[in-house]
Protein chains: 2
Amino acid sequence: MPPRSTLVQQKLDQAVEILREQDVDLWLTFVRETSLTSDPSVGLIAGVYSAWQGAFLVSATGERIAIVGRFDAPSVEQIGAYEVIGYDESIRPALRDTVERLAPRTIALNYSESDPAADGLTHGLWRVLQDTFADTYADRFVPSEAIVNALRGRKSPDEVERIRSATRETEEIFDAVTPALRPDLSEVEIAGIMHAEIERRGLGYAWERDHCPAVNAGPEKEVGHSPPGELRTRSGELLHVDFGVSRDDYCSDLQRVWYFPDHGETDAPEDVRRAWDALWASVDAGVAVLRPGVAGWEVDAAARESLVAAGYPEPMYALGHQLGRSAHDGGTVLAPRWDRYGAAPYGVVEARNVFTLEYGTAVPGRGYIGLEEDVLVTDDGIEWLSTPQRELWLVR
Amino acid sequence: MPPRSTLVQQKLDQAVEILREQDVDLWLTFVRETSLTSDPSVGLIAGVYSAWQGAFLVSATGERIAIVGRFDAPSVEQIGAYEVIGYDESIRPALRDTVERLAPRTIALNYSESDPAADGLTHGLWRVLQDTFADTYADRFVPSEAIVNALRGRKSPDEVERIRSATRETEEIFDAVTPALRPDLSEVEIAGIMHAEIERRGLGYAWERDHCPAVNAGPEKEVGHSPPGELRTRSGELLHVDFGVSRDDYCSDLQRVWYFPDHGETDAPEDVRRAWDALWASVDAGVAVLRPGVAGWEVDAAARESLVAAGYPEPMYALGHQLGRSAHDGGTVLAPRWDRYGAAPYGVVEARNVFTLEYGTAVPGRGYIGLEEDVLVTDDGIEWLSTPQRELWLVR
């Protein structure tokens, strides 16, 4: 595994290619106090903290310039990827001079209406830039979302390897949980087993620890981004877990489902098996159309139509999102064309994108079934990064 | 220590008072995918994750309404502080209806040019709001920075108690480090001792672990927000550490300095002691004017003038920043009126603000001396939350 600084270098090289491809002269990521409000690109293209206002510039001519506070400069210099300009009283003189020297036709700025991963510029900082470049470059600002989408979305082989490792660790943790399961365990107890595993392995959490894993036992749970509670596993009911880890800065995101057979049952009951099969059929319908060039919403629509045609409620969420440094990694989503997704479902799938595929449904009186696998888009289809859970797991 | 949800309730009650005091009808904190780009107020007024667009509204009439995605709703409901409206396809209808029902004269929105802690609204989300309220309320948006400054800055007794506990833990860790010190320890080794202590105690890091602590051994180190390296402690030189922990969501931030006497030395040499005394005299000059009603820059100026008058270089940073949920907690800073601080040095100090007081200087051939203590502003002055390091620590 190459060190973090090598990954930063690789992604910066890739960024220059993307700028040329998109015919953009300059990409400016403008940030401040990145432990309070960070731009998600900072991890990708720098991996350092910036306390004062910081400007990370990448030009189509290949220049990489970081203008950062004096105290932030040493760690940016250590990356070895930037010409670093340290400032004391104000970032503006060096920032103006640098932009004027590069004389870009347009400046792509780190904001986006639809894509949270490309929307790190705060409105206050946007106003600072408007003021700094009033009468000069302020009318040349455009959103950098297409650059960020491409850069984040087109995973390098090293990035895919990291996601694969995170996925493997997650599967090993699921494998360690299964033998510990029995009826009458609480959601909190199950989460505790998984937290102990994650900490023993020195891994990070793919999202906030309080609901990583999300554990849903039985039919009473309102499934969502909420913490495990005091509900307990019971015979004749389902257990659903949504879980991911972070390893070497990259995440996994998987859901797994167990059924607790009742006395005399040798398999899950008909209602559970029917829902399981319908969900897999819908995911497979999505997989059948998932390839480079297709719009995100088209993949979702194929899966959605399949599930609804089988008589199940329409899921009120997307079939899949991208996965990378974050569990929700932005860019194109495999989602319906609903207002809350903005332009993201209209984005086009590209080779080397990594997506989750996840649909679920509540089985009345049993609990929740949610499938979620992680896949890599190849030149003509997909490769599973996870080992798909094709069969419901029975807790004997 | 009351639970997190009680603290959220307390701060929301306080927010209503502040809205009335500032004659603002409605405060809207608008966020999205808060594990990618979070508003620092979310921890204070909700403490939950919001995957989809989320609107947290507080009105001067005392209403607290959260409009969040269906999957985010259960955890917001658990706080017990909000009327929760869950949505599926779009946040806009419920958001428009709610604002129209409240019919505010102005809507304070979560952005600020000067204050990172009050600047969580991304520019993309600002554009979404402009579009959502075009022709209705878009011309009534004002920045909520004054509300956030007051709410974050005026610590409740519970918040002060948390900071006090974090400070105490930090001092205990420093006390555990001192006996382990000797010449020829690397910065990385010293950080390792402190990381082990922080983990043994189950504490969090006040800032990014890679430079928490920042460890600076001897005169060759370029002091900044950079990781410990392979420089080593040496006799006749200084060791400087900048360190903070997070406990129960609140931070400490302290600097401590050790001197390694050379053969035959019974005390630090004259150049070191003179710098130490000059730094303390300057901090005390700041303390002498630090009380409610004074502008941040006035406190810095008193300290700054003292240090420069003693013949030392002017520090290229602020005397102090606020401390709370974050090590750099935003709002008024005790800083010079430099462009990079924007309006923050012009802010007025209030009772129950918690500040760091930190000045430093490099002693040629010896290393870096940096003082940093944490203080609470009282009705007529300050109370030390840390035990001030009035004497340089000698490593025998």
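Predicted, not measured: the structure shown is a model, and the values here were computed from it. In this numbering scheme, every chain counts its residues from 1 along its sequence in written order. All chains are assigned letters beginning at A, and all ligands numbers beginning at 1, according to the order in which they are written. Selection of residues for local features in this predicted model requires a pLDDT of at least 70, selection of side-chain atom pairs for listing and counting requires 80 or more, and totals for whole chains, interfaces and linings are taken over all residues.

## Details of the overall build of chain A
Here comes step 1: Along the backbone of chain A there are 10 helices and 16 strands.
Here comes step 2: Note on method: radius of gyration uses C-alpha positions; expected globular size equals 2.2 Å times residues raised to 0.38. In terms of C-alpha radius of gyration, chain A reaches 23 Å, essentially the compact-globule figure of 21 Å for 396 residues.
Here comes step 3: Considering only C-alpha atoms, chain A reaches an extent of 80 × 40 × 35 Å along its principal axes.
Here comes step 4: Within chain A, the proportion of its 396 residues that are buried is 56%.
Here comes step 5: Restricting the contact set of chain A to residue pairs at least 6 apart, pairs at least 24 apart contribute 68%. Secondary structure elements are defined from DSSP: runs of H or I of at least 4 residues count as helices, runs of E of at least 2 residues count as strands, and each element is numbered from the N terminus. Here a residue counts as buried when 20 or more other C-beta atoms fall within 10 Å of its C-beta, as exposed when 12 or fewer do, and as partly exposed in between; the C-beta atoms come from the backbone. Residues are treated as contacting if the C-beta atoms built from their backbones sit within 7 Å of each other.

## Notes on the domain arrangement of chain A
All names here are of chain A.
Here comes step 1: Under the domain assignment, chain A is made up of domain 1 (4-152) and domain 2 (154-394).
Here comes step 2: As used throughout, domain bounds are those supplied by an automatic or database domain assignment. Here the C-alpha centre of domain 2 lies 34 Å away from the C-alpha centre of domain 1.
Here comes step 3: Just so you know the grouping, Ala, Val, Leu, Ile, Met, Phe, Trp, Tyr, Cys and Pro go in nonpolar, Asp, Glu, Lys and Arg go in charged, and all remaining residues, Gly too, go in polar. Grouping the constituent residues of the side of domain 1 that touches domain 2 by class yields eight nonpolar, five polar and four charged.

## Here's the deal with the interface of chain B and chain A
Here comes step 1: Taken together, the contacts link 52 residues of chain B with 50 residues of chain A.
Here comes step 2: Every element with two or more residues in the side of chain B that touches chain A is listed here: helix 3 (73-79) and helix 5 (123-132) of chain B.
Here comes step 3: Of the residues contributing to the side of chain B that touches chain A, the split by class is 20 nonpolar, 18 polar and 14 charged.

## Considerations on unusual backbone geometry
Here comes step 1: In this structure, the amide linkage connecting C212 of chain A to the following residue, P213 of chain A, adopts the cis form with an omega of 5 degrees.
Here comes step 2: Its location among the elements puts P213 of chain A in the loop between strand 7 (204-205) and strand 8 (214-217).
Here comes step 3: Its identity as a non-glycine residue notwithstanding, D184 of chain B has a phi of 75 degrees, on the positive side.
Here comes step 4: Even without glycine at this site, D249 of chain B takes up a positive phi of about 75 degrees.
Here comes step 5: Note that D249 of chain B resides in the loop between strand 10 (245-247) and strand 11 (250-251).
Here comes step 6: Using a count of 17 C-beta atoms within 10 Å as the deciding quantity, one classes D249 of chain B as partly exposed.

## A short note on the pairing of strand 14 (residues 367-377) of chain B
All names here are of chain B.
Here comes step 1: The buried fraction of strand 14 is high, at 10 of 11 residues.
Here comes step 2: Only when DSSP finds a minimum of two bridges between them are two strands counted as paired. As judged from the 10 bridges shared by strand 13 (residues 354-363) and strand 14, these two strands associate in the antiparallel manner. Bridge pairing links E358 to E372 in strand 14.
Here comes step 3: With antiparallel pairing between neighbouring strands as the criterion, strand 13 and strand 14 make up a hairpin whose turn holds three residues, including G365 at a positive phi of roughly 80 degrees.
Here comes step 4: Note: strand 14 against strand 15 (residues 382-384), three bridges, orientation antiparallel.

## With respect to the packing of helix 1 (residues 4-22) of chain B against helix 6 (residues 145-153) of chain B
Residues and elements named next belong to chain B.
Here comes step 1: Their axes nearest at 10 Å, the elements helix 1 and helix 6 cross at an angle of 135 degrees. By the angle between their directions, the pair helix 1 and helix 6 is classed as oblique. You can see that helix 1 and helix 6 cross each other, and the crossing is right-handed. Taking contact as the criterion, the partners of K11, Q14, A15, I18, L19 and Q22 in helix 1 are, on helix 6, A146, I147, A150 and L151. Here an angle of 0 to 180 degrees is reported between the N-to-C directions of two axes, which are lines fitted to C-alpha atoms, with helices fitted over the stretch in contact. In this scheme, roughly parallel covers angles under 35 degrees and roughly antiparallel covers those over 145, while 65 to 115 is roughly perpendicular and the rest are oblique. In a left-handed crossing the near helix is turned counterclockwise from the far helix by less than a right angle, and in a right-handed crossing that turn is clockwise.

## Observations regarding the sheet that holds strand 7 (residues 204-205) of chain B
Residue and element names in this part refer to chain B.
Here comes step 1: The strand order across the open sheet built from three strands is 7-10-11, with neighbouring strands paired in antiparallel fashion. Whereas interior strands pair on both sides, the edge strands pair on one side only; in this sheet they are strand 7 and strand 11.
Here comes step 2: Strand direction decides the pairing type here: strand 10 and strand 11, joined by two bridges, are antiparallel. Paired with R247 across the bridge in strand 11 is Y250.
Here comes step 3: Contacts from helix 7 (residues 157-177) reach strand 10 and strand 11, with the element oriented near 135 degrees to strand 10.

## Observations concerning the relation of the copies chain B and chain A
Here comes step 1: After a rotation of 180 degrees and a shift along the axis of 0.0 Å, chain B superposes on chain A with an RMSD of 0.0 Å. A rotation of that kind, with that shift, is consistent with a two-fold axis.
Here comes step 2: Here 96% of the interface residues in chain B have copies in chain A that are interface residues too; the copies meet face to matching face. For the least-squares superposition of copies, only C-alpha atoms count, and only for residues with pLDDT at least 70 in both.

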